[in-house]
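Letter by letter, the chains look like this.
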Protein chains: 2
Amino acid sequence: MERLDDIFFYTLEKSIKTYRQFAQRAILKQGFELTIDQWLVLKAIMDNPEWNQQEIAEAAFKDFASVTRIIELLVKKEFLNRVIHPADRRRFLLTPTPKAVQHLKSMQPVTERNRKTALRDLNQDEIARVQQFLTIIIKNCNNI
Amino acid sequence: MERLDDIFFYTLEKSIKTYRQFAQRAILKQGFELTIDQWLVLKAIMDNPEWNQQEIAEAAFKDFASVTRIIELLVKKEFLNRVIHPADRRRFLLTPTPKAVQHLKSMQPVTERNRKTALRDLNQDEIARVQQFLTIIIKNCNNI
DNA sequence: GTTTTTTAATTGATATATCAATTATATTTG
DNA sequence: CAAATATAATTGATATATCAATTAAAAAAC
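Quick caveat, the model's predicted, so the values are computed rather than measured.

Chemist: Which residues make up the overall build of chain A, and what are the values?
Modeler: Looking only at helices and strands, one finds six helices and two strands in chain A. In chain A, the order of α-helices and β-strands from amino to carboxyl end is α-α-α-α-β-β-α-α. Per-residue burial for chain A yields a buried fraction of 47% across its 144 residues. Taking the contacts inside chain A whose residues are at least 6 apart along the sequence as the reference set, 49% of them involve residues at least 24 apart. A total of about 8,100 Å² of accessible surface is found on chain A, and carbon and sulfur atoms cover 52% of it. Mean positive and mean negative side-chain charge positions of chain A (23 and 18 charges, respectively) differ by 5 Å.

Chemist: A description of the pattern of salt bridges should follow, citing residues and the corresponding values.
Modeler: One pass over the structure, following the stated rule, counts 16 salt bridges over all chains. Across the pair Glu2(A) and Arg115(B) runs a salt bridge, and its minimum N-O distance is 2.9 Å. Here Arg115(B) lies in helix H5 (residues 98-118) and Glu2(A) lies in the segment before helix H1 (8-29), a pairing that spans two chains. With relative accessibility at 24%, the residue Glu2(A) sits in the partly exposed group. According to the relative accessible area criterion, Arg115(B) is buried, its value standing at 13%.

The rules behind each value
- Residues numbered from 1 in each chain as written.
- Chains lettered and ligands numbered in written order.
- Predicted model: local features only at pLDDT ≥ 70, side-chain atom pairs only at ≥ 80, totals over all residues.
- Heavy atoms only, no water.
- Helix = DSSP H or I, 4+ residues; strand = E, 2+ residues; numbered from the N terminus.
- Buried < 20%, exposed > 50% of the residue type's maximum accessible area, 1.4 Å probe, protein only.
- Contact = heavy atoms within 4.5 Å.
- Areas by Shrake-Rupley, 256 points an atom, 1.4 Å probe, with all protein chains shown as cover.
- Lys, Arg positive; Asp, Glu negative; His and termini not counted.
- Charge placed at Lys NZ, Arg CZ, Asp CG, Glu CD.
- Salt bridge = Lys/Arg side-chain N within 4 Å of Asp/Glu carboxyl O.

Below you can see the structure in the form of structure tokens.
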């Protein structure tokens, strides 16, 4: 009988979930009020201010509905300003608030420490190789 | 400025999410009525009939509340029978129905094909190495 | 220039994740 | 054994995931 522990994708899922729990707890413990998903969407918007929500969704590998709801929360929490796009009234212009910029910046050390802790004992080359490997899985699952 | 694509954990999350979407769609398209999470919980129960819900939760890396709700759905869908445990009235005795056994068995080819497709072009040694690598991450995140 | 089609975003319904609080039962302790 | 503590599971609240349906505006087609 096949054992869960032997299934590659089981380990894959377990690793990202374990990391997420670990990282989210560290973030909350430091007093920051963003979830990892909110951080990800906010970061995608800051890096690409001209993108629409669909492009943001793709970058954050979320679906449109989730992005809509996450943005709503970010607006409510005053991390984002949302106004109708001057060139296309179906869209919104999303602008991170100064609070958001400052929040992200001061989260940076925590984020970096989380990653470092999770990757302890693993060297850069190996990390890069695994990342390459994961990219192939992503391609394989998309080209169907 | 750090780019999302360069962040290892971003790629990690993207890979498992892409795989999940791909696999879940294939499962639904074949007419099976289980989500991947329900499959996982059901599989854990079948492999370890004596476990309580907390042990199941751990094996499926879910929290107790999620497991309670997933089991509820599995009972409603007639994949599980749930009776009070004779030795401890706080617990339940969970038994997969014949329907569940048959369902899992006939899902097996789809599951195997999904994994194979996602891992195309990747050899066994490499897969095993990456799995080892991921196990280290899991340890690192738990030993804090 | 009006109709048709596409596109951007939202909403509703259901499933899952997480934390905190609660309930019911078992176990321990004094 | 009665009180205190621990354990198993559920429930409530909020966040996220997914699919389908809907709305509003833009673009294309005629």
